[in-house]
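# Coordinates in review
Each chain, written out:
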Amino acid sequence: MNKFYKRFFILILLVLVISGTVIYTTVDIHTLKNLDRFKSWSIALALFAVSLGLFFDGSRLMHLVKISGEKITLYQAVQVIFGNYFLALLTPGATGGAVAQLMFLRHAGVPTGKAAVLVIVRTILSIFFLILCMPFIFMHDSGIVPGISNDTLMAITITAFVVIVIMVVGARRGYLDYLVIRLTRNMKRQRRIKVFAFYRDTKSAIALLAASPKSMLLVFVESGLNLLCIYAIVPCLLLGLGVTDADWYSVMGRMIFLNMLLYFTPTPGGSGVAEGGFVLLFSDTVPAGTVGIVAVCWRLIAEYIPFLVGLYYTLTVFGRDFLNRQLR
């Protein structure tokens, strides 16, 4: 069995085990009663929300490509987006998502250097939006993480924001060049080349952000709408369970907080961490005995269905042999 099929079946097994464990450990005597009230229209509403989020994702990508002086079609943008979902779920820390975006953009005719810059800009804008949301979440939702005060979380967020700003300014003005050289001087040659290439692409991404502030503002807004629409899957499912009196500000805030953490998890696509974090954050909001089921439904709609679409596009465009080379 080749590398791709091994990785694919291991992922499916991992998802099934995690989903089954989460559901098994959270069901109780109230589960069937609460599920009996579930309205099927909420699934359609959740699918509409994720579709709207994917639309904004495609729109921001096309605007970014245009800012860079290149051009891609809507269909090519769709391939980039779903390819990102596919390889992100197959690789630890979702690192494969960047590789997928890069190879689909190159296939669409975008030069490698510009494609790498566009991938970095997309990631920077998404993370920056989430960081900007954090203070508003911590000021409204007390005790979001048991055992850690909101003041501590706020201090961590502000520190992270300041560090990012310093790094951006330092890279933009060349102050970090010497530091990168010093940090990499004892690395092996191949790894050092990779670090320099990433640093160069990051500087180019920052330059692109600064070159077209008005256009980038539109892309930033689209980044926020993309994320908020996808996170709205959970409120849609809660409405289907008859939850109408929830604090929706807190629900969306906790989804933002959880997804921010998923950017830095080592498991493929955040598997395990996402479901466990959801159960921890939403046990008091979701009707009794259904929090695990809602967590799995959220992952299914937000990640696993786009993953399968991305699998189709990746195999259609590049074939299985290409994937085997990428997953070595």
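Residues numbered from 1 in each chain as written. Predicted model: local features only at pLDDT ≥ 70, side-chain atom pairs only at ≥ 80, totals over all residues. Heavy atoms only, no water.

### Quick look at a nonpolar patch on the surface
A grouping of Phe38, Ile43, Leu47, Leu300 and Ile305 is seen on the molecular surface, where their side chains present a nonpolar patch of about 360 Å² in accessible area. Those elements giving two or more residues to the nonpolar patch turn out to be α3 (41-67) and α14 (291-317). Inspection of the secondary structure assignment puts Leu300 in helix α14. (Patch = residues over 30% accessible without salt bridge, like charges linked within 9 Å, V, L, I, M, F, W, Y side chains within 5 Å. Areas by Shrake-Rupley, 256 points an atom, 1.4 Å probe, with all protein chains shown as cover. Salt bridge = Lys/Arg side-chain N within 4 Å of Asp/Glu carboxyl O. Helix = DSSP H or I, 4+ residues; strand = E, 2+ residues; numbered from the N terminus.)

### Considerations on the pattern of salt bridges
Tallying each qualifying case throughout the model produces seven salt bridges. A salt bridge links Asp57 to Arg60; the nearest nitrogen and oxygen atoms lie 2.9 Å apart. Of the two residues, Asp57 and Arg60 both sit in helix α3, three residues apart, roughly one turn of that helix. The residues Asp57 and Arg60 share a single accessibility class, namely buried. Here Lys114 ties to Glu70 by a salt bridge, and the two come within 2.9 Å at their closest N and O atoms. Here Lys114 is found in helix α6 (residues 112-140), whereas its partner Glu70 is found in the loop between α3 and α4 (74-90), with 44 residues between them in sequence. Among the charged side chains, a network of salt bridges with common partners joins Asp57, Arg60 and Arg122. (Buried < 20%, exposed > 50% of the residue type's maximum accessible area, 1.4 Å probe, protein only.)

### Section: the state of the cysteines
Counting across every chain of the model gives zero disulfides. Of all cysteine sulfurs, the one in Cys236 lies closest to Cys229, which takes part in no disulfide; the gap is 9.5 Å. Given a relative accessible area of 13%, Cys229 falls into the buried group. With no disulfide of its own, Cys297 lies closest to Cys236 among cysteine sulfurs, the gap being 13 Å. (Disulfide = S-S within 2.5 Å.)

### Side note on the packing of aromatic side chains
Inspection of the entire model under this criterion finds twelve aromatic pairs. A centroid spacing of 5.4 Å and a plane angle of 65° characterise the contact between Phe55 and Phe56, whose relative ring orientation is edge-to-face. Connected via pairs of aromatic rings, a cluster forms that spans Tyr75, Phe82, Tyr312 and Tyr313. For the cation-ring pair, Arg299 lies above Trp298, with the distance from its terminal atom to the ring centre recorded as 5.8 Å. (Phe/Tyr/Trp six-rings, centres within 6.5 Å; stacked < 30°, edge-to-face > 60°. Lys NZ or Arg CZ within 6 Å of the ring centre and 35° of its normal.)

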